[in-house]
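Topology and contacts: notes
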Amino acid sequence: MAYIAAVDFRERTVKPYCASLILSENDGLDAYVDLIITQVITQIELDLADDFEPAPGDADETIDVDGWGTARLYAPRRVRSLTTVSTRWPWVSTFTAEAAAGYRLRKSLNAAGSAMVDGTKNDWLDAMPGLSTGAWPSGASTIRLVGKFGWAVVPDDIKRLVALKVYDQIKGSSDPLSRIVQRTTADAILTYGPSLEVTDIMNRYRRSPALAYIG
């Protein structure tokens with residue numbers, strides 16, 4: 001589900017995160033703008049290696065994580081809470097639930113799941129003496145996490161980022177000049193890129209994708 005909508009860009013119903021980004025129906029009908037929004041959101045979440053909306057009903061999700069035989073396990077997604085943590089050796093198919101005393105979770109989001117803690121982008125679990133495997137077992141999908149992942153509330157910065165990219169995509173297709181990436185003058189060659197606002201938001205929220213185990 002998209003977390004902004006075409007109506008947010010309209011002059012009479014504009015939202016704060018769409019300020020100065022007015023789109024009229026001449027720029028695109030609601031269905032078209034909503035389609036672009038969905039495409040932009042998908043690309044942003046891939047670029048930032050993050051997901052900004054909870055699962056439907058905020059239900060628990062299950063993710064399997066590759067282990068590296070280390071004491072610290074980096075989670076591939078932001079972790080708001082964990083219901084169970086289970087491990088298995090690579091030659092065993094059955095997971096064994098770990099006691100909560102066997103690991104310590106370091107979260108990047110606050111308790112409400114609405115803001116980063118001190119700008120932290122990564123979440124990890126440190127193995128404690130009570131972990132049955134000692135360290136996180138090396139291998140593909142050797143750790144199973146069940147809990148709530150990603151953001152509970154979409155940050156306004158991300159809504160703004162989506163709005164900026166949607167506006168640029170729609171206006172750019174109707175105004176070729178907005179797509180100029182380089183201009184040569186008598187004195188210099190000027191190269192254009194994303195706006196400072198887009199770059200700033202991307203830099204503050206971009207996470208490193210999780211590494212896959214290759215045995």
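So, here's what we can say about the structure. Note that this is a predicted model, so its numbers are computed, not measured. (Residues numbered from 1 in each chain as written. Predicted model: local features only at pLDDT ≥ 70, side-chain atom pairs only at ≥ 80, totals over all residues. Heavy atoms only, no water.)

**Section: the nonpolar core**
One finds Phe9, Ile158, Val162 and Val166 to be the most contacted residues of the largest nonpolar core, which totals 30 residues. Going through the elements one at a time, α1 (30-48), α2 (156-174) and α3 (196-205) are the ones with two or more residues in this core. Counting residues in each nonpolar core, the second largest holds 15 residues, with Leu73, Ala75, Val79 and Val85 among its members. (Core = buried A, V, L, I, M, F, W, Y, C linked by side-chain atoms within 4.5 Å. Buried < 20%, exposed > 50% of the residue type's maximum accessible area, 1.4 Å probe, protein only. Helix = DSSP H or I, 4+ residues; strand = E, 2+ residues; numbered from the N terminus.)

**Some remarks on the pattern of salt bridges**
On inspection of all chains with the given rule, the structure shows 14 salt bridges. The salt bridge partner of Arg72 is Asp126, with a shortest N-O separation of 2.7 Å. Here the residue Arg72 occupies a position in strand β2 (residues 72-74), and Asp126 occupies one in strand β6 (residues 124-127), the gap between them amounting to 54 residues. When its relative accessible area of 35% is taken as the criterion, Arg72 is described as partly exposed. Asp126 is the partner of Arg104 in a salt bridge, and the nearest nitrogen-oxygen pair spans 3.9 Å. With Arg104 in strand β5 (residues 103-106) and Asp126 in strand β6, the pair connects residues that are 22 residues apart, well separated along the chain. Judged by its relative accessible area of 49%, Arg104 is partly exposed. The structure contains a network of salt bridges with shared partners spanning Asp51, Glu61 and Arg77. (Salt bridge = Lys/Arg side-chain N within 4 Å of Asp/Glu carboxyl O.)

**Observations regarding the sheet that holds strand β4 (residues 96-97)**
In space, the four strands of this open sheet follow the order β1-β7-β3-β4, with antiparallel pairing throughout. Bordering the open sheet on either side are β1 (61-67) and β4, each of which pairs with just one other strand. When strand β3 (residues 79-87) meets strand β7 (residues 139-149), the two strands line up antiparallel, connected through seven bridges. Across the sheet, Thr87 pairs through a bridge with Ile143, a residue of β7. (Pairing = 2+ DSSP bridges.)

**Here we look at the environment of Ile44**
Within the secondary structure layout, Ile44 lies in helix α1. You can call Ile44 buried: its relative accessible area is 1%. With sequence-adjacent residues up to four places away left out, Ile44 is seen in contact with Leu161, Val162 and Lys165. (Contact = heavy atoms within 4.5 Å.)

**A closer look at the packing of aromatic side chains**
Considering all chains together, one arrives at five aromatic pairs under this definition. Measuring from centroid to centroid gives 5.5 Å for Trp89 and Trp91, while their planes differ by 5°, and the two rings are stacked. For Trp89, a relative accessible area of 36% gives the class partly exposed. (Phe/Tyr/Trp six-rings, centres within 6.5 Å; stacked < 30°, edge-to-face > 60°.)

**Regarding the sheet that holds β6**
Spatially, β2-β6-β5 is the arrangement adopted by the three strands of the open sheet, whose pairing is antiparallel. Each edge of the open sheet is held by one strand with a lone partner, namely β2 and β5. Within this sheet the neighbouring strands show an average axis-to-axis angle of 20°, counted without direction. When β2 meets β6, the two strands line up antiparallel, connected through three bridges. In the strand pairing of β6, Leu73 is matched with Leu125. (Axes fitted to C-alpha atoms, helices over the stretch in contact; angles between N-to-C directions.)

Read these as geometric descriptors, not functional statements.
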